[in-house]
Structures are given as C-alpha cells and as structure tokens.
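Observations on the three-dimensional arrangement
Now for the letters of each chain:
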Amino acid sequence: MKVTKTYSSLNQVAGIDENKVKHLGKNYATIDFEIKDHVNPTDFKYAKMKPVVGTFVIGNKRVEVTYSELNHIIRTAAAATDQVDLAYRMGRWGQAQSR
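This text gives an overview of the structure that appears in the document. None of the values given here were measured: they were computed from a predicted structure.

So, the side chain of Thr-66
For Thr-66, the location among the structural elements is in strand E4 (residues 61–66). Setting aside anything within four residues of it in sequence, one finds Thr-66 in contact with Lys-50, Pro-51, Val-52 and Val-53.

Here is the structure:
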C-alpha cells in the first residue's frame, strides 16, 4: 500500500489572490502552516524532545517546527507587534502626515 503524503494548509495560500493582498507585504500571501499527517501521540504528550508537528512557511523558506516552537513563534510575534505599536505611538519614526 502506497502512502500519499498530503499537507493541510492552514491559510489555504493557493487560494489567495496576491494582487489583492500585496499592500499588506510581499510575504503576506505566502505565510502558512502545514500540519503533519501523523504525530505519535505518546511522543507528543510525554517525550522530552517534542516531535515535529508541521512546517511553518514564509516566502520560500520552510521550517519544520515542534509544538513548543510554534508557541515561541506566537509569543515572539505578539511581542514584536506590541513593540512596533509602541515605537509608532512614541514617535520613533516621526509623525504620520495626513493624506
């Protein structure tokens, strides 16, 4: 029996019209997460070295990640967003001009 390797795309990036989202950034339409078809449930729950649970994708970069690494990505992205908002509010980049 041949096992077909499939990927579950979280953001369904194949269906994103890049022209409609290009103003959000050059990588916006490529950000995705592909969950693995199978992870050993015992390893997931009990192993000291957590198993890879999927692949995080940005642009043409693909990085296999564990559940713990996904949590760290979330925390880092949230802290970065807060830091950028604060920098803007404090005028680090100057003041926005009305359009």
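That shown, we press on.
Comments concerning helix H3 (residues 67–89)
The terminal C-alpha atoms of H3 lie 33 Å apart, and with 23 residues this matches the ideal 33 Å at 1.5 Å per residue to within 8%. Following H3 by one or two positions, Gly-91 has its phi on the positive side, about 80°.

Some words on a nonpolar patch on the surface
A surface patch of nonpolar side chains, amounting to about 360 Å² of accessible area, comprises Val-84, Tyr-88 and Trp-93. If you trace the backbone, Trp-93 turns up in the segment after H3. The class of Trp-93 is exposed, set by a relative accessible area of 56%.

Observations concerning the pairing of E4
Two elements, strand E3 (residues 52–58) and E4, share six bridges in a ladder whose sense is antiparallel. The residue bridging Ile-58 from the neighbouring strand is Lys-61, located in E4. Between the end of E3 and the start of E4, which pair antiparallel, lie two residues, with Gly-59 showing a positive phi angle near 60°.

What counts and what doesn't
- Residues numbered from 1 in each chain as written.
- Predicted model: local features only at pLDDT ≥ 70, side-chain atom pairs only at ≥ 80, totals over all residues.
- Heavy atoms only, no water.
- Helix = DSSP H or I, 4+ residues; strand = E, 2+ residues; numbered from the N terminus.
- Contact = heavy atoms within 4.5 Å.
- Expected span 1.5 Å × (residues − 1).
- Patch = residues over 30% accessible without salt bridge, like charges linked within 9 Å, V, L, I, M, F, W, Y side chains within 5 Å.
- Areas by Shrake-Rupley, 256 points an atom, 1.4 Å probe, with all protein chains shown as cover.
- Salt bridge = Lys/Arg side-chain N within 4 Å of Asp/Glu carboxyl O.
- Buried < 20%, exposed > 50% of the residue type's maximum accessible area, 1.4 Å probe, protein only.
- Pairing = 2+ DSSP bridges.

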